[in-house]
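For reference, the chains in residue letters:
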Amino acid sequence: MTTSVLPADLVPGIDTEARKVVALRQTRLLLAAPVALALVATLITAIMSGPADPKGQPATGAATVGLYLGMVAVFVVAALLGIASTGGEYRHETMALSVLFAPDRDRLVIVKYLATAAFAFAVALAAELVGFLVLLLAARGKFALGWQLIEVLAAGLLVAMCWAVLGAGLGLLLRTFSGAAWLVLGWAFALEPLIWVVAKGFGAGGFAALLPVSATVAGVSAGSFAEAEVFAPTPAALVVLLLWTAAVGAAGWWDLRNRDL
């Protein structure tokens, strides 16, 4: 007899969502991309960097920059995976069919959030393990092996799951894959950084610290940018990101429950 930490009525739904992810070759390649990037980028920065500087940025050493790049890729893939699990259903007009076979919409949202978060966790863990092993083999003495790095790796796992749920929630709200994907990418790499600059110019950096990408950067930086007013301290930043995740996830949940398909 097998036991599960999940309620028995959720297991079939999670299994279905997992099969949807791994069934497509392009999705499997997408999941592998951050791991490959973490391997290559960490190897490059490990070889090219000098000795660790306790006062430098990032605080864990220049050799770890490649690891951070891999983590950024993980967060992007996690968000896209979340969007695909919900907005992709509307794109292919299969959401009504999913609801037909899983009439409890609350349970449907739960399994989508859990499945995407689990995949995001697995990809983040694989990327971090690969990057960490590369650091051990190619960057001895070039990075700070201590609690700061452990904090970065642990926060990365949490942040990856948050972005998976954020993406899934946005997919439910916007009911489109492309629109939600462009919103996430445009916000993360263009609009929010512009807000940082403007807010800092007006002396309102504290406002920028409440935004999701700022919280992400601060959450995984282990205090590397402590003097930058647009970034909150790491524990507070993670709380901010969790609040964004809860808000967007709950809004997507409410949308599926109350709007017609």
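Right, let's walk through the structure included here.

## Re the overall build of the chain
So, point 1. A count of helical and extended segments in the chain gives 10 helices and 0 strands.
So, point 2. Sequence-ordered secondary structure for the chain, helices as α and strands as β, is α-α-α-α-α-α-α-α-α-α.
So, point 3. Over its C-alpha atoms the chain spans a radius of gyration of 19 Å, differing by no more than 12% from the 18 Å that the globule rule assigns to 261 residues.
So, point 4. The dimensions of the chain, computed from C-alpha atoms along their principal axes, are 60 × 50 × 30 Å.

## Considering the nonpolar core
So, point 1. Counting residues in hydrophobic clusters, the biggest one holds 57 residues, and the most contacted among them are Leu-31, Val-74, Phe-75, Val-159, Trp-163 and Leu-241.
So, point 2. Residue assignment for this core shows that the elements contributing at least two residues are α2 (25–48), α3 (65–91), α5 (105–138), α6 (147–174), α7 (177–201), α9 (212–220) and α10 (234–258).
So, point 3. Top contributing element to this core by residue count: α6, with 12 residues.
So, point 4. Leu-10, Val-111, Ala-168 and Leu-256 belong to the second largest nonpolar core, which has 14 residues in total.

## Describing the layout of surface pockets
The probe, sized like a water molecule, is rolled over the atoms to show the empty space still left.
So, point 1. The calculated volume of the second largest pocket comes to roughly 520 Å³.
So, point 2. In terms of lining residues, the second largest pocket is bounded by 22 residues, among which Val-72, Phe-75, Val-213, Thr-216 and Val-217 are the most central.
So, point 3. With 8 residues, α3 is the largest single contributor of residues to the lining of the second largest pocket.
So, point 4. Looking at the lining of the second largest pocket residue by residue, the class counts come to 20 nonpolar, 2 polar and no charged.

## Quick notes on α10
So, point 1. Taking 1.5 Å of rise per residue, 25 residues should cover 36 Å, and α10 covers 36 Å from first to last C-alpha, within 8% of that figure.
So, point 2. Within the span of α10, buried status applies to Thr-234, Ala-237, Leu-238, Val-240, Leu-241, Thr-245, Val-248, Gly-249, Gly-252, Asp-255 and Leu-256.

## As for the packing of α2 against α3
So, point 1. It is at 6 Å that the axes of α2 and α3 come closest, and there the two elements cross at 170°. Viewed along their axes, α2 and α3 adopt a mutual orientation that is roughly antiparallel. Here the hand of the crossing between α2 and α3 comes out right-handed. For the pair α2 and α3, the contacting residues are Thr-27, Leu-30, Leu-31, Pro-34, Leu-37, Ala-38, Ala-41, Thr-42 and Thr-45 in the first and Val-65, Gly-66, Leu-67, Leu-69, Gly-70, Ala-73, Val-74, Val-77 and Leu-81 in the second.
So, point 2. A per-class count over the contact of α2 with α3 returns 13 nonpolar, 5 polar and no charged.

## Notes on unusual backbone geometry
So, point 1. Although it is not a glycine, Arg-175 adopts a positive phi angle of roughly 60°.
So, point 2. Summarising the element assignment, Arg-175 is placed in the loop between α6 and α7.

## What about the packing of α5 against α10?
So, point 1. Packing of α5 against α10 brings their axes to within 9 Å, and their N-to-C directions diverge by 145°. Crossing handedness for the pair α5 and α10: right-handed. Seen from α5, the contacting residues are Arg-105, Asp-106, Leu-108, Val-109, Ile-110 and Tyr-113; seen from α10, they are Val-248, Gly-249, Gly-252, Trp-253, Leu-256 and Arg-257.
So, point 2. The class makeup of the residues in the contact of α5 with α10 is 7 nonpolar, 2 polar and 3 charged.

## Considering the pattern of salt bridges
So, point 1. Scanning the model with the defined rule gives 5 salt bridges in all.
So, point 2. Here Glu-89 and Lys-112 are joined by a salt bridge, their closest N and O atoms 2.8 Å apart. Taken together, the residues Glu-89 in helix α3 and Lys-112 in helix α5 connect sequence positions 23 residues apart.
So, point 3. For Glu-89, a relative accessible area of 6% corresponds to the buried category.
So, point 4. Look at Lys-112 and you get buried, because its relative accessible area is 2%.
So, point 5. For the salt bridge of Arg-175 with Asp-255, the shortest nitrogen-to-oxygen distance reads 3.2 Å. Pair noted here: Arg-175 is in the loop between α6 and α7 and Asp-255 is in helix α10, with a separation of 80 residues, a long-range link.

Definitions and limits used
- Residues numbered from 1 in each chain as written.
- Predicted model: local features only at pLDDT ≥ 70, side-chain atom pairs only at ≥ 80, totals over all residues.
- Heavy atoms only, no water.
- Helix = DSSP H or I, 4+ residues; strand = E, 2+ residues; numbered from the N terminus.
- Rg over C-alpha atoms; globule rule 2.2 N^0.38 Å.
- Core = buried A, V, L, I, M, F, W, Y, C linked by side-chain atoms within 4.5 Å.
- Buried < 20%, exposed > 50% of the residue type's maximum accessible area, 1.4 Å probe, protein only.
- 1 Å grid on protein atoms, 1.4 Å probe; cavity = no way out; pocket = protein on both sides within 12 Å on 5 of 7 lines; lining within 4 Å.
- Points joined across faces, edges and corners; volume = space filled by probe spheres on them.
- Nonpolar A, V, L, I, M, F, W, Y, C, P; charged D, E, K, R; others polar.
- Expected span 1.5 Å × (residues − 1).
- Axes fitted to C-alpha atoms, helices over the stretch in contact; angles between N-to-C directions.
- Parallel < 35°, antiparallel > 145°, perpendicular 65-115°, else oblique.
- Left-handed = near helix turned anticlockwise from the far one by under 90°.
- Contact = heavy atoms within 4.5 Å.
- Salt bridge = Lys/Arg side-chain N within 4 Å of Asp/Glu carboxyl O.

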